[in-house]
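# A closer look at the structure
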Amino acid sequence: MKYLFHPDSVDFQVHQSSAQNAPSCGGRALQIPRTGRAFPWRAKHFRKVCGVLVLGLLGQFMSASSAQDGAIDFESLSPEFPGWTAIAANSEGAQEHRAVSKWDTPVHFSLDAEKPHSGSSSMKCDVVEELPGTLIFGPPALAAKGEVELRFFVRSEGLHTDGTISLEEYDDGKKRLSGYRTKVKIPLSDEWQEVIWSGRLKPETTGLRVRFVFAGIPSGGKIWLDDLAVKAVAE
Ligand SMILES: [Ca+2]
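The rules we used
- Residues numbered from 1 in each chain as written.
- Predicted model: local features only at pLDDT ≥ 70, side-chain atom pairs only at ≥ 80, totals over all residues.
- Helix = DSSP H or I, 4+ residues; strand = E, 2+ residues; numbered from the N terminus.
- Buried ≥ 20, exposed ≤ 12 C-beta atoms within 10 Å, placed from the backbone.
- Pairing = 2+ DSSP bridges.
- pLDDT = per-residue confidence, 0-100.
- Contact = placed C-beta atoms within 7 Å.

### Thoughts on the overall build of the chain
Looking only at helices and strands, one finds one helix and 14 strands in the chain. Out of the 235 residues belonging to the chain, those deemed buried represent 31%.

### A few points about the pairing of strand E7 (residues 131-138)
Summarising the sheet, strand E3 (residues 85-89) and E7 pair through three bridges and their orientation is antiparallel. By the bridge assignment for E7, Ala-86 is matched with Phe-137. Relative to strand E13 (residues 207-217), E7 is paired through five bridges, and the arrangement is antiparallel. Considered in E13, the bridge of Leu-135 is made with Phe-214.

### Structural notes on the confidence of the model for the chain
Mean pLDDT over the chain works out to 78, with 69% of the residues at or above the 70 mark. The least confident element of the chain, judged by mean pLDDT, is strand E2 (residues 12-15) at 32; the most confident is strand E6 (residues 122-127) at 98. Residue range residues 1-43 is modelled with pLDDT below 50. Its contacts to residues more than four positions away, or to other chains, number 46 contacts. Counted against residues more than four places away or in other chains, residues 49-69, with its pLDDT under 50, gives 24 contacts.

Spelled out as structure tokens, the structure:
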């Protein structure tokens, strides 16, 4: 079962079919201005060097686990989950923001070999003490531009309320351009469910931070993630 959200609609669309059925969104194609005249060799060489530098800087910003064309499948990701962060309420109800690897209670993250969606591992989030507030966690910014499709697989145990997805868009200077909660629900199920969001990003967006949001999780609650990917939609 897939839950699709189109930016032009406030309604969920639930699809029973699997992977195909990529949702489509309207919108204009990105326009890349062209000068219309040939670059002299030096200018061309300079442009190439600048391109390499920009790609290098983007590489510093994007995580190695967030290759544009590859899904995060948790097969080779360090158990430290580099770049992943989580926000959770502490015992006083205040929110704390830490690297995923720095959390032990009320929530703990690990790689898990039990019933992964792909390969031999998925990401497991254990709520070891009741978490009455909100839990928000996610990877570092994923390379994303134009019209994109976000897909991931999720399953859970012991939760009472559907989760949601929150997104933040960044430019190549790491400036946050926008943040918003999508209408996509993360369904509660002990079997793997694929969740898909598609939409058009701001023209200057090059990075997308995906946050998984859950609230009111009882002690013993568990969430698993696998095969997270953001890919460009062919236009
Ligand atoms: Ca996997």
